[in-house]
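# Summary of structural features
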Amino acid sequence: MGTHGFRLHLRAMVLLLAAVPLVLAIAAVVWVVRQQSDQLAQAQIAAMQPILLQARKDELQHFVQSGRRAVAHLYEQQAGNQAQAQQQALELLRRMDFGNDNYFFVYDLQGNSLMHPRLPDLEGHSQWALRDSAGAPIIQQLVHQAQAGGGFVDYMWNRPSTGRDEHKLGYVELVPEWGWVMGTGLYLDHLQETQALITRSTAAAVRKTRQQILWIASAALLLVAAGGLALNWYEQRAADAKLRAMAQKVVHSQEDERSRVARELHDGISQQLVSVKFVAESALLQLERGNTDAPGTLRQGISLLQGLVRDVRRISHDLRPTLLDDVGLASALAQTAREFGERSGIQVEVQVAEVPPIPEAAATAMFRVAQEALGNIEKHAGAQHVQLQLSYGAAGLALQLRDDGAGFDVPATLRQARSGLGLTNMRERIEMLGGSFSLASAPGATVLTAQLPAAVLKMD
């Protein structure tokens, strides 16, 4: 995978890592909202049930008391005909109907049904032994509660409108003048209906909240995706611009190198060849004339040829450091530093550690950095003393050059296209291999450091 492909893959991973926690967080929020809503619904039901139940109890008590007031005049003003007054009271209570399943009922203290609007077949018969589906003696409980001063009884009763046994709350009071147990009851299905209503309302609110969260999450994911695309687009443009700048730098570097080689060939090699040609022609002329100075002229020509050979080797060495192949990085740096000192007259202190075989790219990068740095010192620094140190250890390989020259403004130099090209090339050589490059300069102290980690020094 190329560098560009790796960066695209890395950006995709970053976007994925940004989106996955967001999705998980949204899912967690939805789950928490659902749990909290369920708990809230249960709390609302628990809080409302006693209130609703008490309201129903008050309603039942009011109904029974209204019924007693409605027939009170009959047993208070009866004129010796108690049976007729009782019959009138029962008929009046029978007509006081307040719903399909809500009515008055009347029993005597022995459990005989005196009036039941929905179950007339029970009238005149004893229901003392009647029990509900749970085994509770219904009529006995009603009679005992009435005799105890009146109150509520909770039991199962067959609901006329549905034909099913359902939960019913009854309220009874005693009519002591006639020995009646008068009461009414309400089925408690309204509590279940209220609970279902609360549950449905809560579920609807949860669905609405979940939809809102999903909308927000979708918008957030779209923003993340848009941000990722914008970042990719921006980095792509930046990478393209950097590649173009790199290409220009490479072209400039190649042109500079060609110009330098051309100047050295023209100013050095060509002139020396012309000199050798003149010396050879002079020696030939002397030989033809029998002049005894011919051997000296030939020796002068040989000396010129030796200098020419050295220059050719130097140019060749600059183009490709064969010393790396012959003696290794440490020895090549030491020899290059000695030649630099001999050529420039600058005192050079060399400290190089033994380096095991390392990849050619790493050795070449370190050698080129040292070569370029020494060339800059010779041309621009005006230094009197240079220290070159090469160290090798578990952390990797480190090269450091220090000089006591005039120093320079590093950022300003890097901004100059031509002057900063050498420094940029040095940095990029090292950073392309995963290393680090630093340069600090001040009058009297310029320090260049290049480091390669141990991971890139392993031989395949």
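Quick summary incoming for the structure in this document. (Residues numbered from 1 in each chain as written. Predicted model: local features only at pLDDT ≥ 70, side-chain atom pairs only at ≥ 80, totals over all residues. Heavy atoms only, no water.)

### Things to note about the overall build of the protein chain
- When you go through the protein chain residue by residue, the secondary structure sums to 10 helices and 10 strands.
- Across the 460 residues of the protein chain, 35% fall into the buried class.
- Only carbon and sulfur atoms are counted for the fraction: they give 57% of the accessible area of the protein chain, which is about 26700 Å². (Helix = DSSP H or I, 4+ residues; strand = E, 2+ residues; numbered from the N terminus. Buried < 20%, exposed > 50% of the residue type's maximum accessible area, 1.4 Å probe, protein only. Areas by Shrake-Rupley, 256 points an atom, 1.4 Å probe, with all protein chains shown as cover.)

### Topic: the packing of aromatic side chains
- Under the criterion given, the structure shown has 4 aromatic pairs.
- Ring geometry for Phe152 against Tyr171: centres 4.8 Å apart, planes inclined by 50°, an arrangement best described as tilted. Residue Phe152 is located in strand 3 (residues 151–158), and its partner Tyr171 is located in strand 4 (residues 165–175); the two are separated by 19 residues in the primary sequence.
- Under the relative-accessibility criterion, Phe152 is labelled partly exposed at 29%.
- On the basis of relative accessible area, Tyr171 is assigned to the buried category, the value being 5%.
- Stacked on the ring of Phe152, the Lys or Arg Lys57 has its end atom at 5.3 Å from the ring centre. (Phe/Tyr/Trp six-rings, centres within 6.5 Å; stacked < 30°, edge-to-face > 60°. Lys NZ or Arg CZ within 6 Å of the ring centre and 35° of its normal.)

### Remarks on the pattern of salt bridges
- The full count for this structure, using the stated rule, is 8 salt bridges.
- Notably, a salt bridge pairs Glu166 with Arg164, separated by 3.5 Å at the nearest N-O pair.
- Classification of Glu166 as buried rests on a relative accessible area of 13%.
- Linked through salt bridges whose partners overlap, the residues forming this network are Glu91, Arg94 and Glu123. (Salt bridge = Lys/Arg side-chain N within 4 Å of Asp/Glu carboxyl O.)

### Some thoughts on the sheet that holds strand 8 (residues 396–403)
- Spatially, the 5 strands line up as an open sheet ordered 6-7-8-10-9, and their pairing is mixed. Every other strand in the sheet has two partners, leaving strand 6 (347–352) and strand 9 (436–442) as the edge strands with one partner each. Each neighbouring strand pair of the sheet contributes to a mean axis angle of 5°, computed without reference to strand direction.
- Sheet topology note: the strand 9/strand 10 (residues 445–453) ladder contains 7 bridges and is antiparallel. Of the residues in strand 10, the one forming a bridge with Ser436 is Gln451. (Pairing = 2+ DSSP bridges. Axes fitted to C-alpha atoms, helices over the stretch in contact; angles between N-to-C directions.)

### Thoughts on a nonpolar patch on the surface
- Taken together, the side chains of Leu231, Trp233 and Tyr234 present a nonpolar region at the surface, about 380 Å² in accessible area.
- Here Trp233 lies in helix 4 (residues 189–289). (Patch = residues over 30% accessible without salt bridge, like charges linked within 9 Å, V, L, I, M, F, W, Y side chains within 5 Å.)

### A word on the packing of helix 7 (residues 329–344) against helix 8 (residues 360–381)
- Interhelical geometry of helix 7 versus helix 8 gives an angle of 10° and a closest axis separation of 10 Å. Taken as axis vectors, helix 7 and helix 8 run roughly parallel relative to one another. Remark: the crossing between helix 7 and helix 8 carries right-handed chirality. Contacts between helix 7 and helix 8 involve Leu329, Ala332, Leu333, Thr336, Ala337, Phe340, Arg343 and Ser344 on the former and, on the latter, Ala363, Met366, Phe367, Ala370, Leu374, Ile377 and Glu378.
- Residue classes in the contact of helix 7 with helix 8 are distributed as 11 nonpolar, 2 polar and 2 charged. (Parallel < 35°, antiparallel > 145°, perpendicular 65-115°, else oblique. Left-handed = near helix turned anticlockwise from the far one by under 90°. Contact = heavy atoms within 4.5 Å. Nonpolar A, V, L, I, M, F, W, Y, C, P; charged D, E, K, R; others polar.)

### Digging into the nonpolar core
- One finds Leu329 and Leu399 to be the most contacted residues of the largest nonpolar core, which totals 38 residues.
- Among the secondary structure elements, those contributing two or more residues to this core are helix 7, helix 8, strand 7 (385–393), strand 8, helix 10 (421–431), strand 9 and strand 10.
- With 11 residues, helix 8 is the largest single contributor of residues to this core.
- Discounting residues that sit within four places of it in the chain, Leu399 has contacts with Leu333, Met366, Val369, Ala370, Leu388, Gln389, Leu390, Leu448, Thr449 and Ala450.
- Core analysis: the second largest hydrophobic core is formed by 22 residues, Val71, Leu74, Met115 and Trp180 among them. (Core = buried A, V, L, I, M, F, W, Y, C linked by side-chain atoms within 4.5 Å.)

### Observations regarding the sheet that holds strand 2 (residues 113–115)
- Pairing is antiparallel across the open sheet formed by 5 strands, whose spatial order is 2-1-5-4-3. Each of the sheet's edge strands pairs with one partner strand only, and the pair in question is strand 2 and strand 3. This sheet shows a mean twist of 35° between the axes of neighbouring strands, independent of strand direction.
- Bridge analysis of strand 3 against strand 4 gives 8 bridges, and the strand direction is antiparallel.

### Let's talk about the pairing of strand 8
- Extensive coverage of strand 8 is indicated by the burial of 6 of its 8 residues.
- Here strand 7 runs beside strand 8; their pairing, made up of 8 bridges, is antiparallel. Opposite Val386, over in strand 8, you have Asp403 as the bridge partner.
- Taken together, strand 7 and the strand that follows it, strand 8, pair antiparallel across an intervening segment of 2 residues.
- Summarising the sheet, strand 8 and strand 10 pair through 8 bridges and their orientation is antiparallel. Note on strand 10: the bridge partner recorded for Arg402 is Val447.

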